[in-house]
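# Observations on the three-dimensional arrangement
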Amino acid sequence: MTRTLTLTCALAIAVFWQASSPLNARYARSSGWQAQEGTVTIRVDTSRRLGPMTPMWAWFGHDEPNYTYMKDGRKLLSELAALSPTPVFVRTHNLLTTGDGTPALKWGSTNAYTEDAQGRPRYDWTIVDRIFDTYMERKMKPLVEIGFMPEALSTNPVPYRHSWVPGRPYGDIYTGWAYPPKDYGKWRDLVYEWVRHAVSKYGRGEVESWYWEVWNEPDISYWRGTREEFMKLYDYAADGLKRALPTAKIGGPHITGPVSQGTQQYLRDFIEHCLRGTNFATGKIGTPLDFVAFHAKGAPRVMPEGHVRMGVSNQLRAINNGFAVVASFPELRNVPIVIGESDPEGCAACPVSTTPSNAYRNGTMYSSYTAEQIARTYELADLHKVNLLGSVTWAFEFEDQPYFYGFRDLATNGIDKPVLNVFRMLGMMAGDRVAVESSGGLPLATVRDSGVRATADVHALATRSARSIAVMVWNYHDDDLPGPAAEIAVEIAGAPAGAKMRQQHFRVDPATSNAYAVWLKMGSPQQPTPAQYAELERSGRLQSVGPDATVVPPADGRVTVRLTLPRQGVSLIKLSW
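Residues numbered from 1 in each chain as written. Predicted model: local features only at pLDDT ≥ 70, side-chain atom pairs only at ≥ 80, totals over all residues. Heavy atoms only, no water.

Here we take up the nonpolar core. In this structure, Trp187 and Met472 are the most contacted members of the largest nonpolar core, which totals 143 residues. The dominant element in this core, judged by the number of residues it contributes, is helix H10 (residues 364-384), at 9 residues. Discounting residues that sit within four places of it in the chain, methionine 472 has contacts with Ala371, Val422, Met425, Leu426, Met429, His459, Ala460, Leu461, Val570, Ser571 and Leu572. Formed by 25 residues, the second largest nonpolar core is a distinct cluster that contains Ala462, Val471, Ala486 and Ile573. (Core = buried A, V, L, I, M, F, W, Y, C linked by side-chain atoms within 4.5 Å. Buried < 20%, exposed > 50% of the residue type's maximum accessible area, 1.4 Å probe, protein only. Helix = DSSP H or I, 4+ residues; strand = E, 2+ residues; numbered from the N terminus. Contact = heavy atoms within 4.5 Å.)

Below you can see the structure in the form of structure tokens.
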């Protein structure tokens, strides 16, 4: 795609709002904005353990599978693998879609299944293997999405390959790949052969560690069949998978966010079918359900004054409702949950130029939102006492697109965005989550039900392991506007008295760990020089604030760290010994 050499109009508007502080101040007064007064005290009690710091955040996904093995895709996967202490999981659409592997926005293909002139199946795993090999080389694992429908199996294959581009109706993407199979037996055999091939190539133990799921968002036009036909699709896929590898793990239904009663009912109906319904493939009662999956999205919008207001409460309500539905089934008490897509909004490939509400994506609005959302997701899992296994951030990279074009991605042309550094921070947190109280923090119920609209939420997530304490602090507000910095005192109780501790302070804010800000100062080059590119690479990495310090806790085991955290800033304080 031709590279754009100028900022989009919407991006220019976003930059204007960041710079026009008098106008922002007038808006703040008229909207009821309130500044934090005095020092915010954050108390961390490392003796009160809430539960393990499970790496549920180390799951990522994207629409376009062929980007996986391209230049910038490989680079980003290596960075994702490096930031997590445990294997990172990756989910992608289009693993069974028919085509030659040429990528495009909202499109990908592998040509895994075709038929000869007599209708006999032909399997070709070349491109699928190339994708999974890229994961295996980095010790990553797939959350394998069984979809979409191969052209030769679709009941309505024409048209098949869509030609959607941003700005055109989104519904154009739903073509022949979205329809039920004309032969469910062949569908089952396709899954059987795929799993059998995977076991042969990667080994039984490796494939047993993967998770498999059927389709994507069957409650909307990703699935052009009925609800009953989706249950049938799932049953036949599960039967094929379990025949090839009885210990393989499969789940679903990966519906859209369960905010409405209708979507919640779809999730209940699917679970009821798996627990007590008649299996379409076997005729027996019940269908394998090794994990439950649903999606959750926020709802940003452009306000009349011209700035973006995020909708974190929409995303958290979807998560809350999904957890509540699963928790209502006693049989699922210990069954894992995967939030198969968990994001600020719903279209990663819709740039700022066509969707102005996505102007948050390049800078620190996205990174601070992510810190807020992930921490609150842990709290919701605690609230409902569910087994949260993974939460997929549906953001990757878009190969050969303009720099900082406003896609929902983690990196642009190999340059890391600020949001990626929040995941680097999370990767430095280990052990158990511990109790945190903040005088500038909002209650979970407020953020879930109403968002962050009056005062900012200045809060923290903290962990304690055998040799470290880590505290991630954020200064978040839903409105993408400049706001006051927070003066913060982080009071940590329970540090080992007399131990010689290394204190590190990492930061993401408008001036730190922020390649986007550096790119703007360069004049927004779409063809950066080698020297500029190297500077952008450096500025995209996680940076520390000041030199490391040595701390020796007194007899009471208390350590206080003071910091000034800008609006949309995220800090990680780490003590290790």
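The phi angle of most residues is negative, glycine excepted, and most peptide bonds adopt the trans form. That bond from glycine 147 to phenylalanine 148 is cis: its omega, 0 degrees, falls within 30 degrees of zero. Note that the residue after glycine 252, namely proline 253, is joined by a cis bond; omega there is 5 degrees. Along the chain, proline 253 turns up in strand S8 (residues 249-255). Despite not being glycine, tryptophan 215 has its phi angle at roughly 70 degrees, a positive value. If you trace the backbone, tryptophan 215 turns up in the loop between strand S7 (211-214) and helix H7 (227-244). Residue classification places tryptophan 215 among the buried positions, given a relative accessible area of 0%. Despite not being glycine, asparagine 413 shows a phi value in the positive range, around 55 degrees. Within the secondary structure layout, asparagine 413 lies in the loop between strand S14 (411-412) and strand S15 (415-416).

The next point concerns the packing of aromatic side chains. How two aromatic rings sit relative to each other is given by the distance of their centres and the angle of their planes. The tally for this structure, following the rule as stated, stands at 39 aromatic pairs. Summarising the aromatic geometry, the rings of phenylalanine 398 and phenylalanine 407 are spaced 4.4 Å apart at their centres and angled 25 degrees between planes, so their arrangement reads as stacked. On the accessibility criterion, phenylalanine 398 (6% relative accessible area) is buried. An aromatic cluster is present here, built from Phe148, Trp164, Tyr170, Tyr174, Trp177, Trp187, Trp215, Tyr222, Trp223, Phe230, Tyr234 and Phe270 joined pairwise through their rings. The aromatic ring of tyrosine 211 is capped on one face by lysine 249, whose charged end is 4.1 Å from the ring centroid. (Phe/Tyr/Trp six-rings, centres within 6.5 Å; stacked < 30°, edge-to-face > 60°. Lys NZ or Arg CZ within 6 Å of the ring centre and 35° of its normal.)

In protein structure, a disulfide is the covalent linkage between the sulfur atoms of two cysteines. In the structure shown here, the tally under the stated rule is 1 disulfide. One disulfide bridge connects cysteine 347 with cysteine 350, the sulfur atoms lying 2.1 Å from each other. Because the torsion about its S-S bond is 75 degrees, the bridge between cysteine 347 and cysteine 350 counts as right-handed. Accessibility assignment for this pair places cysteine 347 and cysteine 350 in one class, buried. (Disulfide = S-S within 2.5 Å.)

A word on the pattern of salt bridges. Counted under the stated rule, the structure contains 39 salt bridges. We note a salt bridge from aspartate 239 to arginine 243, for which the minimum N-O separation is 3.1 Å. With a gap of 4 residues between them, aspartate 239 and arginine 243 both fall in helix H7, about one helical turn apart. Given the relative accessible area of 13%, aspartate 239 is considered buried. With a relative accessible area of 55%, arginine 243 lands in the exposed category. One connected set of salt bridges, linked through shared partners, spans Arg91, Glu145, Glu213, Lys297, Glu341, Asp343, Glu345, Arg361 and Arg408. (Salt bridge = Lys/Arg side-chain N within 4 Å of Asp/Glu carboxyl O.)

On to the pairing of strand S13 (residues 387-393). Here S13 lies mainly inside the structure; 5 of its 7 residues are buried. Where strand S12 (residues 336-343) meets S13, 4 bridges bridge the pair, whose relative direction is parallel. The residue of S13 that forms the bridge with isoleucine 337 is leucine 388. Handedness of the crossover is the feature at issue here: the chain leaves S12, passes through H10, returns alongside S13, and the resulting connection is right-handed. (Pairing = 2+ DSSP bridges. Right-handed = clockwise from strand over helix to strand, strands pointing away.)

This part takes up the pairing of strand S17 (residues 457-464). Within S17, 8 of the 8 residues are buried, which leaves the element mostly enclosed by the surrounding structure. Burial along S17 is two-sided: the residues Asp457, His459, Leu461 and Thr463 and Val458, Ala460, Ala462 and Arg464 are all buried. Strand direction decides the pairing type here: strand S16 (residues 432-438) and S17, joined by 3 bridges, are antiparallel. Residue arginine 433 lies in a different strand from S17, and its bridge partner there is threonine 463. As defined by bridge partners, S17 adjoins strand S18 (residues 468-476) across 8 bridges and the pair is classed as antiparallel. Paired with histidine 459 across the two strands is tryptophan 474, which belongs to S18.

From the geometry alone we can't say anything about function, so treat these as descriptive.
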